[in-house]
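Analysis of the macromolecular model
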Amino acid sequence: MSVQTLRMPASPAHGRESAAQNSHLSQGFAVTGRIEAEGELTIQGRVRGRIDAERVVLARGSEVEGDIVARDVCLAGRFNGRIFALNVTVQASADVEGRIFHHTIAVEQGARIDGRMPWRPPNYFDSLDQLPETRP
């Protein structure tokens, strides 16, 4: 099985500096493999694999299965897997199964979480090129 990597071309947001780059995976779009995005990646479709970005937003109605590695993650859709992020926000519409490795986390009332949320110090997130192995 080969792993495909999708590098999302980031485009500067209107009226902002080029450092503020956003990419979108629209509803109805499905990806299997690895996604690498600069800046913010908003997902409205389905992803199965690993996502690397500065900030990841799972919109309401999105479905992701796999690993997310980002500085900030905002969850409003369905997620199954592992998240490695310094800051995590879980909105009321989120449905989460798995582990959320975080330094800070905010969970809105009504969010569904089935899993563990281990705290980690900020330096834990500095080098996550090689993720820890999944335990059965």
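This section reports on the structure supplied with the text. Treat the numbers as computed from the prediction; the structure is a model and nothing was measured. (Residues numbered from 1 in each chain as written. Predicted model: local features only at pLDDT ≥ 70, side-chain atom pairs only at ≥ 80, totals over all residues. Heavy atoms only, no water.)

1. Quick word on the packing of aromatic side chains
According to the stated counting rule, one finds three aromatic pairs in the structure shown. A centroid spacing of 5.2 Å and a plane angle of 85° characterise the contact between tyrosine 124 and phenylalanine 125, whose relative ring orientation is edge-to-face. The partly exposed category is assigned to tyrosine 124, whose relative accessible area is 25%. Joined through ring pairs, the aromatic side chains of Phe84, Phe101, Tyr124 and Phe125 make up one cluster. The ring centre of tyrosine 124 lies 5.4 Å from the NZ or CZ of arginine 120, which sits over that ring. (Phe/Tyr/Trp six-rings, centres within 6.5 Å; stacked < 30°, edge-to-face > 60°. Buried < 20%, exposed > 50% of the residue type's maximum accessible area, 1.4 Å probe, protein only. Lys NZ or Arg CZ within 6 Å of the ring centre and 35° of its normal.)

2. Section: the nonpolar core
Counting residues in hydrophobic clusters, the biggest one holds 24 residues, and the most contacted among them are Ile43, Val56, Ile68, Leu75 and Ile83. For this core, the secondary structure elements donating two or more residues are strand 4 (30-37), strand 5 (40-43), strand 6 (46-52), strand 7 (55-58), strand 8 (63-75), strand 9 (78-90) and strand 10 (95-107). Those residues in contact with isoleucine 83 that sit more than four places away from it in its chain are Ile68, Val73, Leu75, Val88, Arg99, Ile100 and Phe101. Membership of the second largest hydrophobic core comes to seven residues, among which are Phe84, Leu86, Phe101 and Leu131. (Core = buried A, V, L, I, M, F, W, Y, C linked by side-chain atoms within 4.5 Å. Helix = DSSP H or I, 4+ residues; strand = E, 2+ residues; numbered from the N terminus. Contact = heavy atoms within 4.5 Å.)

3. Some words on the pattern of salt bridges
Where charged atoms from two side chains of opposite charge approach closely, those side chains can pair. Enumeration over the complete set of coordinates arrives at nine salt bridges. For arginine 55, the salt bridge is made with glutamate 40, and the minimal N-O distance between the two is 3.0 Å. Of this pair, arginine 55 sits in strand 7 while glutamate 40 sits in strand 5, placing them 15 residues apart in sequence. Exposure remark for arginine 55: the relative accessible area of 29% places this residue in the partly exposed category. Put simply, aspartate 95 and arginine 112 hold a salt bridge, and the shortest N to O gap is 2.6 Å. Here arginine 112 lies in strand 11 (residues 112-116) and aspartate 95 lies in strand 10, a separation of 17 residues in the sequence. By sharing partners, the salt bridges in this structure join Arg34, Glu36, Arg50 and Asp52 into a single network. (Salt bridge = Lys/Arg side-chain N within 4 Å of Asp/Glu carboxyl O.)

4. Observations concerning the side chain of arginine 82
Checked against the element boundaries, arginine 82 lands in strand 9. Taking relative accessible area as the criterion, arginine 82 reaches 11% and is therefore assigned buried. Looking at arginine 82, its side chain comes within polar contact range of the side chain of aspartate 67, at 2.9 Å. (Polar contact = N/O pair within 3.5 Å; in protein donor to acceptor, adjacent residues only side chain to side chain.)

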